[in-house]
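Fold and contact review
Below, each chain spelled out in residue letters.
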Amino acid sequence: MEVWLVGLVRAAWIAATLPILIASIPSSRLRFVHEALMGFSKRGKTMQSSSYKFTVPQRFFCHFYVLAVVWTTLLLSMTWMYAFKMAPLVSDPSLVYSTLASHLTGGSHMFSFHKARLTPVEHRYMIWRSVFLLLLMEVQLVRRLLETFYVFNYSPSARMHIFGYLAGIFFYTLAPLSLCCTLAPEVFKFAAEQAAEFIVKGKQQMAAFEFEWWEVVSPLIKLGWLPWIGAAIFLWGWIHQHRCHVILGSLREHPKQINEYIIPYGDWFELVSSPHYLAEIVIYAGLLVASGGAELTIWLLFGFVVANLAFAAADTHRWYLQKFDNYPSNRRAIIPFVY
């Protein structure tokens, strides 16, 4: 089951990324692909009123995050319980010394797609690393859900294409799963066995599930420095994106101030038209680093995020240039000084 699930997830990311890459090629022969994809991705301010066919309200963005929070919470709780009960990180010196170099760097196959056979200890660390990644993803998604209710006041007339809506459902279903897809079959099997045991024995005959919070949390501290460096990168992007969203939310009341849409404390985020997209790339780069870089599925997830946001940012950048005569000429679409 693991092989086909991982293969299916990877194939889905490749299939979703390729059209964006093709549409980004500056060729007149591929212009129809670019225009079709751009039409599907338009929403809010970049969508013309004449294009409202096959659209849904933009406030439906909240559906993405409700789904994602529920799905990620389920994956996180199952994986965390599985890790706690089936993959404890012991402090046996013979195990520690034999894999010390591996764990200090976050994994023996760091930034390598080579899949050597994992030892039981390495497998345990991989399980807890998945818990760590899902926990970061949960933090991101809960914030985005709260922002849809309390930061973004979507106009009743704001629309998005139904294709974009379905793409959002696709992304927020697959992204959390990509962080643990190699472990998902054994985690799902464990959860199914626990549920079956509960049904057969009943609550009274089930063994009591006892734990101390430190025992549940402490393994995350033992993962090495690489996951925590990734978490720091993630947090930096997370804070920047929230500040960008607060500014964007306030611009609905003062739309003429779009030229002032910059990070108020001044850094290279102010050199792009879509700093919130750049922050999102930083967030997923943090997840990639925290994973150790050995899982191809997470690389494909990151590739889709970069391709999709770069394509959307270019469209937004063109809209700003057409809409505002005095829009800063030194800004790029999403990557400072580059693109």
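Residues numbered from 1 in each chain as written. Predicted model: local features only at pLDDT ≥ 70, side-chain atom pairs only at ≥ 80, totals over all residues. Heavy atoms only, no water.

- For the protein chain, the name recorded in an unreviewed UniProt entry is 3-oxo-5-alpha-steroid 4-dehydrogenase C-terminal domain-containing protein, with Acer negundo as its organism.
- Its UniProt record, at the heading Pathway (unreviewed entry), says of the protein chain: "Protein modification; protein glycosylation." (UniProt positions renumbered as here; feature names shortened; annotations may be inferred.)

1. What to know about the overall build of the protein chain
- If you tally the helices and strands in the protein chain, you get 12 helices and two strands.
- Starting at the N terminus and ending at the C terminus, the protein chain contains elements arranged as α-α-β-α-α-α-α-β-α-α-α-α-α-α.
- Taken across its 339 residues, the protein chain has 47% of its residues classed as buried.
- Partitioning the contacts of the protein chain with sequence separation of at least 6, the portion at a separation of at least 24 is 83%. (Helix = DSSP H or I, 4+ residues; strand = E, 2+ residues; numbered from the N terminus. Buried < 20%, exposed > 50% of the residue type's maximum accessible area, 1.4 Å probe, protein only. Contact = heavy atoms within 4.5 Å.)

2. Details of the side chain of glutamate 138
- You can see glutamate 138 is positioned in helix α6 (residues 120-150).
- Despite being buried, glutamate 138 has no salt bridge partner; arginine 143 is the closest side chain of opposite charge, sitting 13 Å away.
- For glutamate 138, the contacting residues outside a window of four places in its chain are Val69, Thr72, Thr73 and Leu76. (Lys, Arg positive; Asp, Glu negative; His and termini not counted. Salt bridge = Lys/Arg side-chain N within 4 Å of Asp/Glu carboxyl O.)

3. A few points about α6
- Relative to the 45 Å expected for 31 residues at 1.5 Å per residue, α6 spans 45 Å between its end C-alpha atoms, a close match to the ideal helical length.
- The buried count for α6 comes to 22 of 31 residues, which makes it a mostly enclosed element. (Expected span 1.5 Å × (residues − 1).)

4. A few points about the packing of helix α2 (residues 31-41) against helix α12 (residues 296-323)
- One can describe the packing of α2 onto α12 by two numbers: an axis separation of 11 Å at closest approach and a directional angle of 85 degrees. With respect to each other, α2 and α12 are oriented roughly perpendicular. Listed contacts from α12 to His34, Leu37, Met38 and Ser41 of α2 are Phe311, Asp315 and Arg318.
- The residue inventory of the contact of α2 with α12, partitioned by class, reads three nonpolar, two polar and two charged. (Axes fitted to C-alpha atoms, helices over the stretch in contact; angles between N-to-C directions. Parallel < 35°, antiparallel > 145°, perpendicular 65-115°, else oblique. Nonpolar A, V, L, I, M, F, W, Y, C, P; charged D, E, K, R; others polar.)

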